Amino acid sequence: MAQEVRGVVARAKGEPVQVETIIVPDPGPGEAVVRIQACGVCHTDLHYRDGGINDEFPFLLGHEAAGTVESVGPDVTDVAPGDFVVLNWRAVCGTCRSCKRGRPWYCFATHNASQPMTLADGTPLTPALGIGSFAEKTLVAAGQCTKVDPAASAAAAGLLGCGVMAGLGAALNTGKVQRGDSVAVIGCGGVGNAAVAGARLAGATTIIAVDLDERKLEQARGLGATHTVQAGSADVVQSVQELTGGFGADVVIDAVGRPETYRQAFYARDLAGTVVLVGVPTPEMRLELPLLDVFGRGGSLKSSWYGDCLPERDFPVLIDLYLQGRLDLDAFVSETIGVDGVEEAFEKMHRGDVLRSVVVFP
Ligand SMILES: NC(=O)c1ccc[n+]([C@@H]2O[C@H](COP(=O)([O-])OP(=O)(O)OC[C@H]3O[C@@H](n4cnc5c(N)ncnc54)[C@H](O)[C@@H]3O)[C@@H](O)[C@H]2O)c1
Ligand SMILES: [Zn+2]
Ligand SMILES: [Zn+2]
């Protein structure tokens, strides 16, 4: 029997989101219904509401979530009812060219549920990133459910589902930060501060956090930054060079994603260093750099989607590190809110008041 639950829906471009009744079908082959316990509010949800992702309204928002599997389709064996899972938007197919050549984090045929969830009148919903978890229950592909230790707090664990994983992975997977490296992170919101935490986990000895907002720098210090740079008042490139013996950092992570921050990242790295772009630029942005500098400075310029993570490989490990007190995921949970608080949370996010507001379901 399909079920009626409450979920946060964006009906039209730029209009405030609303809590509405949505219909969640029973899981078919390859699918699972998950009872959501917590779901973080991410910039991407706001981009969906504002029509910045695509025009497939109405959207069911939410995608950084943890919960319990309620029921699974007939052929599903990897997860079972009662499992505590973090939802992911990278359920790899195993058969596309990327998967076959051993680079599944670039999979271009990731799985989502095949049946649509709908509004009460039958209008199909587009779930954000194929998840749609600002809802009491959601329907996903079984592969989007990654089992982790149920001792973890759902509010903290769910954040691995998107932004925090993107930041951790930008340092650990894409940037391949090594013990003893110097790392600079430009932009210390949820993503950048997770990159700071990732750099610490990897054993970086100099970790420079850069932001315009002193509150974010304070949080960065708590997560492992050894130095901070106020981007508004200091020259970022010069400051990073001074803090790294005049060289520049081995790895610089741009967690803002603007031409000016990318240029800073490019010049704040040491010769042969690595730049990782994890912040998402907008379509009109253009970058101009002397090609001779791109050549002459060597090293590598990389981008990081979802931290090049593999959920099954990375989520359980990160949750274990969290439970051992070695990765402070709780630090990213600025507040917990009800399902009716998403619109207000967008405003707090906009003002920079929070790393993450997290919707919790009783
Ligand atoms: N690559 C991915 O897979 C992925 C996943 C999730 C989010 N993101 C992207 O990562 C970016 C950051 O996300 P977030 O949730 O941390 O956002 P956020 O708004 O919480 O954080 C951005 C931070 O950058 C700072 N900032 C802005 N301009 C700056 C500048 N010129 N110099 C220094 N600091 C500056 C802000 O003060 C803020 O602290 C966004 O673009 C988001 O879309 C990427
Ligand atoms: Zn694939
Ligand atoms: Zn997200």
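About the cut-offs
Residues numbered from 1 in each chain as written. Chains lettered and ligands numbered in written order. Predicted model: local features only at pLDDT ≥ 70, side-chain atom pairs only at ≥ 80, totals over all residues. Core = buried A, V, L, I, M, F, W, Y, C linked by C-beta atoms within 7 Å. Buried ≥ 20, exposed ≤ 12 C-beta atoms within 10 Å, placed from the backbone. Domains from an automatic or database assignment. Contact = placed C-beta atoms within 7 Å. Pairing = 2+ DSSP bridges. Helix = DSSP H or I, 4+ residues; strand = E, 2+ residues; numbered from the N terminus. Axes fitted to C-alpha atoms, helices over the stretch in contact; angles between N-to-C directions. Near = placed C-beta within 6 Å. Nonpolar A, V, L, I, M, F, W, Y, C, P; charged D, E, K, R; others polar. Arc of directions from axis to C-beta.

Draft legend 1. Spotlight on the nonpolar core. By size, the foremost hydrophobic cluster in this structure holds 123 residues, and its most contacted members are Val183, Val185, Ala195, Val196 and Ile253. When residues are assigned to domains, this core turns out to be shared by domain 1 (3–161 + 328–360) and domain 2 (167–305), each giving three or more. Sequence-distant contacts of Val185, defined by excluding residues within four places in its chain, comprise Gly192, Ala195, Val196, Ala209, Val210, Ile253 and Ala255.

Draft legend 2. Here's a closer look at the sheet that holds strand β14 (residues 249–254). An order of β13-β12-β11-β14-β15-β16 is seen for the 6 strands of this open sheet, with the pairing classed as parallel. The strands lining the two open edges of the sheet, one partner per strand, are β13 (227–230) and β16 (300–303). Neighbour-to-neighbour, the strand axes of this sheet turn through a mean angle of 20°, independent of strand direction. Sheet topology note: the strand β15 (residues 269–277)/β16 ladder contains 4 bridges and is parallel. Paired with Leu277 across the two strands is Ser303, which belongs to β16. Running at roughly 170° to β13, helix α6 (residues 214–223) makes contact with β12 (206–211) and β13 of the sheet.

Draft legend 3. Layout of the site of ligand 1. Near ligand 1 there are 28 residues, and of these Ala166, Gly187, Gly189, Val191 and Ala231 occur at the shortest range. If you list the elements that add at least two residues to the shell around ligand 1, you get α4 (163–174), α5 (190–202) and β12. A breakdown of the residues in the shell around ligand 1 according to their chemical character gives 14 nonpolar, 11 polar and 3 charged.

Draft legend 4. Focus on helix α7 (residues 236–243). Every buried residue of α7 is listed here: Val236, Ser239, Val240 and Leu243. Mapping the buried residues of α7 onto a view down its axis gives an arc of 95°, with all of them on the same face. The secondary structure elements touched by the buried residues of α7 are β11 (182–186), β12, β13, β14 and α8 (259–268). Positive phi shows up at Gly245, right after α7, with a value of about 65°.

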